[in-house]
Amino acid sequence: VNIAGFRLSFFRNRHSVWTTRVMVGTTYRQTPLFRSDIKYLEFNPTWTIPPTILREDTLPALKKDPAYLAAKNLSVTDAAGRKVDPAGIDWTAYRKTVPFTLRQGPGPNNALGKVKFIFPNPYFVFMHDTPHKDLFKRPERTFSSGCIRVENALELAEMVLQDQPGFTPGDMQELVQSGRT
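Small disclaimer: the values here were computed from a predicted structure and weren't measured.

Turning our eyes to something else, we now look at the packing of aromatic side chains. Inspection of the entire model under this criterion finds 5 aromatic pairs. Ring geometry for Phe 34 against Tyr 123: centres 5.5 Å apart, planes inclined by 40°, an arrangement best described as tilted. Highlighted residues: Phe 34 in the loop between strand S2 (15–25) and strand S3 (40–43) and Tyr 123 in the loop between strand S7 (115–118) and strand S8 (127–128), separated in sequence by 89 residues. With 6.2 Å between their ring centres and 85° between their planes, Tyr 94 and Phe 100 make a pair best called edge-to-face. The class for Tyr 94 is partly exposed, based on a relative accessible area of 22%. What makes Phe 100 buried here is its relative accessible area of 16%.

The sheet built from 3 strands is open, its strands ordered S4-S6-S5 with antiparallel pairing. The two strands at the open ends of the sheet, each matched to only one other strand, are strand S4 (47–48) and strand S5 (74–77). The pairing of S4 with strand S6 (residues 101–104) spans 2 bridges and is antiparallel. Residue pairing across strands places Thr 48 opposite Arg 103, the latter belonging to S6.

Once that is clear, we can look at the packing of helix H3 (residues 153–161) against helix H4 (residues 169–178). With their axes 10 Å apart at the nearest point, H3 and H4 run at an angle of 135° to one another. Of the possible angle classes, the one that applies to H3 and H4 is oblique. Along this stretch, H3 crosses H4, giving a crossing that reads as right-handed. Residues Leu 154, Ala 157 and Glu 158 of H3 form the contact with H4, whose own contacting residues are Pro 169, Met 172, Gln 173 and Val 176. Its residues placed into classes, the contact of H3 with H4 shows 5 nonpolar, 1 polar and 1 charged.

This part takes up the nonpolar core. Residues Phe 43, Val 115, Phe 117, Met 127 and Leu 156 are the most contacted members of the largest nonpolar core, which totals 24 residues. Residue assignment for this core shows that the elements contributing at least two residues are strand S1 (7–12), S2, S3, S7, strand S10 (148–150), H3 and H4. Take this core: its biggest share by element is 6 residues, from H3. The residues contacting Phe 117, other than those within four sequence positions of it, are Ile 38, Tyr 40, Leu 41, Phe 126, Met 127, His 128, Ala 153, Leu 156, Ala 157 and Val 160. Counting residues in hydrophobic clusters, the runner-up holds 18 residues, among them Ile 53, Leu 74, Val 98 and Ile 118.

Moving on to the side chain of Lys 116. As for its position among the elements, Lys 116 is in strand S7. On the accessibility criterion, Lys 116 (12% relative accessible area) is buried. If we ignore the near neighbours within four places in the chain, the residues touching Lys 116 are Tyr 40, Leu 41, Glu 42, Pro 45, Thr 46, Phe 126, Met 127 and His 128.

Cut-off values and rules
Residues numbered from 1 in each chain as written. Predicted model: local features only at pLDDT ≥ 70, side-chain atom pairs only at ≥ 80, totals over all residues. Heavy atoms only, no water. Phe/Tyr/Trp six-rings, centres within 6.5 Å; stacked < 30°, edge-to-face > 60°. Helix = DSSP H or I, 4+ residues; strand = E, 2+ residues; numbered from the N terminus. Buried < 20%, exposed > 50% of the residue type's maximum accessible area, 1.4 Å probe, protein only. Pairing = 2+ DSSP bridges. Axes fitted to C-alpha atoms, helices over the stretch in contact; angles between N-to-C directions. Parallel < 35°, antiparallel > 145°, perpendicular 65-115°, else oblique. Left-handed = near helix turned anticlockwise from the far one by under 90°. Contact = heavy atoms within 4.5 Å. Nonpolar A, V, L, I, M, F, W, Y, C, P; charged D, E, K, R; others polar. Core = buried A, V, L, I, M, F, W, Y, C linked by side-chain atoms within 4.5 Å.

Here it is as structure tokens:
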């Protein structure tokens, strides 16, 4: 990924064979520089809101509008993983952390889109699809909180999985259409 150029290139045998546009971190939540190998892909992913986004974006939105959770398809669980009714939570009582996990289910408005690419790194950064395809038309694409949003993420997934035994593009399409993670 060329962060400054907003491009991702796919290489085979040291030659770039495919490229696409990406979105990267904003100036205040920059995408870090690092190197890592993709370990796995997840189709129809859930999104667990990370601490920085929860503290700086989601919590203020919840304080303004308790309907924010329903509008974003977010569920709330406690530390033991039990579902919690968000209507019983006084969000104004929390400033920096909350004792809950907020998770967005898979679907057409999921922040991660239809696929995410996981590669271990200390920054909790990964590549993923996005429902906000219109932003790829902009010349400067610094819209994420550090992760890398890939314009043609399903094409990239197909290329990554191409050499996997038993994989077919039809299998991937069937899985995506199923809506199951």
